[in-house]
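Listed here are the chains, written in short residue letters.
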Amino acid sequence: MSDISLPRIQHIAASGVVAAVGVWVTYVSFTQQPAQAFLFPRLIATVFVILALWTFIKACLGWSKVGSGLSARDCKRLAVGLIIACIYIFWMAKGLGFYTATAIAFFVLLSIYDPAPHTALKSWVKRIAITACFIAVMYGLFAKLLTVYTPREIFF
């Protein structure tokens, strides 16, 4: 195993974690009730898990171009987003409602990763407008077009 480079190991580990999450999400979507509420998530989860498993297999077989791997700085920047995602998944979506929590999480992530200066009013207006458009599209897609169930708690 000494001939496997660090970037390839990183790629295998990352794609393996994504594949494991995909399998878990797919399992949950196919075992929850009422079945009608999980029709759309089942479709998305199935496509997601197929692509994730394919990426993992490619990584294990060495068929993927892995580049130079992730630096410690990249890992720290990704960790911030992962922490916010975990807070969103395990607390915010249930505690604040789907649309409210999504708007907050999206705005926070956009503010962290947007390279525009945080001192300029114009960049904040742009972030708010992008967040509002994103939530409007999400609402239109889920509530109006697909008429699927979304988590409903305190606000929406």
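The coordinates are above.
Residues numbered from 1 in each chain as written. Predicted model: local features only at pLDDT ≥ 70, side-chain atom pairs only at ≥ 80, totals over all residues. Heavy atoms only, no water.

1. Concerning the overall build of the chain
Consideration 1: Looking only at helices and strands, the chain has five helices and zero strands in total.
Consideration 2: For the chain, the sequential pattern of α-helices and β-strands runs α-α-α-α-α.
Consideration 3: Seen along its three principal axes, the alpha-carbon backbone of the chain occupies a region of about 55 × 50 × 25 Å.
Consideration 4: Relative to its 156 residues, the chain shows a buried fraction of 25%.
Consideration 5: For the chain, the proportion of contacts with a sequence separation of at least 24, taken over those separated by at least 6, is 63%.
Consideration 6: Carbon and sulfur atoms provide 75% of the accessible area of the chain, an area that totals close to 10,800 Å².
Consideration 7: Charged side chains of the chain number 13 positive and 4 negative; the gap between the two group centres comes to 7 Å. (Helix = DSSP H or I, 4+ residues; strand = E, 2+ residues; numbered from the N terminus. Buried < 20%, exposed > 50% of the residue type's maximum accessible area, 1.4 Å probe, protein only. Contact = heavy atoms within 4.5 Å. Areas by Shrake-Rupley, 256 points an atom, 1.4 Å probe, with all protein chains shown as cover. Lys, Arg positive; Asp, Glu negative; His and termini not counted. Charge placed at Lys NZ, Arg CZ, Asp CG, Glu CD.)

2. A closer look at the pattern of salt bridges
Consideration 1: Overall, the coordinates contain two salt bridges when judged by the stated rule.
Consideration 2: Two residues, Lys-126 and Asp-114, come together in a salt bridge whose shortest N-O distance is 4.0 Å. Residue Lys-126 is found in helix 5 (residues 121-145), and its partner Asp-114 is found in the loop between helix 4 (98-113) and helix 5; the two are separated by twelve residues along the sequence.
Consideration 3: Residue Asp-114 is joined to Arg-127 by a salt bridge in which the shortest nitrogen-to-oxygen separation is 3.2 Å. With Asp-114 in the loop between helix 4 and helix 5 and Arg-127 in helix 5, this residue pair connects regions lying 13 residues apart in the sequence. Arg-127 carries the same exposure label as Asp-114, and that label is buried.
Consideration 4: Taken together, the shared-partner salt bridges in this structure form one network comprising Asp-114, Lys-126 and Arg-127. (Salt bridge = Lys/Arg side-chain N within 4 Å of Asp/Glu carboxyl O.)

3. With respect to the packing of helix 1 (residues 6-31) against helix 2 (residues 39-61)
Consideration 1: Viewed as axis vectors pointing N to C, helix 1 and helix 2 meet at an angle of 155°, and their least axial separation amounts to 8 Å. Here helix 1 is positioned roughly antiparallel relative to helix 2, judged by the angle of their axes. Considering how the two elements wind past one another, helix 1 and helix 2 form a crossing that is left-handed.
Consideration 2: When the residues that make up the contact of helix 1 with helix 2 are grouped by side-chain class, the tally is 17 nonpolar, eight polar and two charged. (Axes fitted to C-alpha atoms, helices over the stretch in contact; angles between N-to-C directions. Parallel < 35°, antiparallel > 145°, perpendicular 65-115°, else oblique. Left-handed = near helix turned anticlockwise from the far one by under 90°. Nonpolar A, V, L, I, M, F, W, Y, C, P; charged D, E, K, R; others polar.)

4. Considerations on the nonpolar core
Consideration 1: Listed in full, the ten residues of the largest apolar core are Tyr-88, Met-92, Ala-93, Leu-96, Phe-98, Tyr-99, Ala-101, Ala-105, Met-138 and Phe-142.
Consideration 2: Of all the elements in the fold, those that place two or more residues in this core are helix 3 (72-96), helix 4 and helix 5.
Consideration 3: The contact partners of Ala-101, leaving out residues within four places of it in the chain, are Tyr-88, Met-92, Ala-93 and Leu-96. (Core = buried A, V, L, I, M, F, W, Y, C linked by side-chain atoms within 4.5 Å.)

5. Observations regarding a nonpolar patch on the surface
Consideration 1: A cluster of nonpolar side chains, contributed by Val-17, Val-18, Val-21, Trp-24, Val-25 and Phe-48, occupies part of the molecular surface with about 520 Å² of accessible area.
Consideration 2: The greatest single-element share of the nonpolar patch, amounting to five residues, is contributed by helix 1.
Consideration 3: Residue position: Val-21 is located in helix 1. (Patch = residues over 30% accessible without salt bridge, like charges linked within 9 Å, V, L, I, M, F, W, Y side chains within 5 Å.)

6. Overview of the packing of aromatic side chains
Consideration 1: Counted according to the given criterion, the structure contains six aromatic pairs.
Consideration 2: With a centroid separation of 4.9 Å and an interplanar angle of 80°, the aromatic rings of Phe-98 and Tyr-99 are classed as edge-to-face.
Consideration 3: Phe-98 gets classed as buried once you look at its relative accessible area, which sits at 12%.
Consideration 4: A residue is classified by how much of its surface remains accessible, and Tyr-99, at 6% relative accessible area, is buried.
Consideration 5: Summarising the aromatic geometry, the rings of Phe-98 and Phe-142 are spaced 6.0 Å apart at their centres and angled 85° between planes, so their arrangement reads as edge-to-face. Taken as a pair, Phe-98 in helix 4 and Phe-142 in helix 5 lie far apart in primary sequence, 44 residues in all. Just as Phe-98 is buried, Phe-142 falls in that class too.
Consideration 6: Members of the aromatic cluster, each reached through a chain of ring pairs, are Phe-98, Tyr-99, Tyr-139 and Phe-142. (Phe/Tyr/Trp six-rings, centres within 6.5 Å; stacked < 30°, edge-to-face > 60°.)

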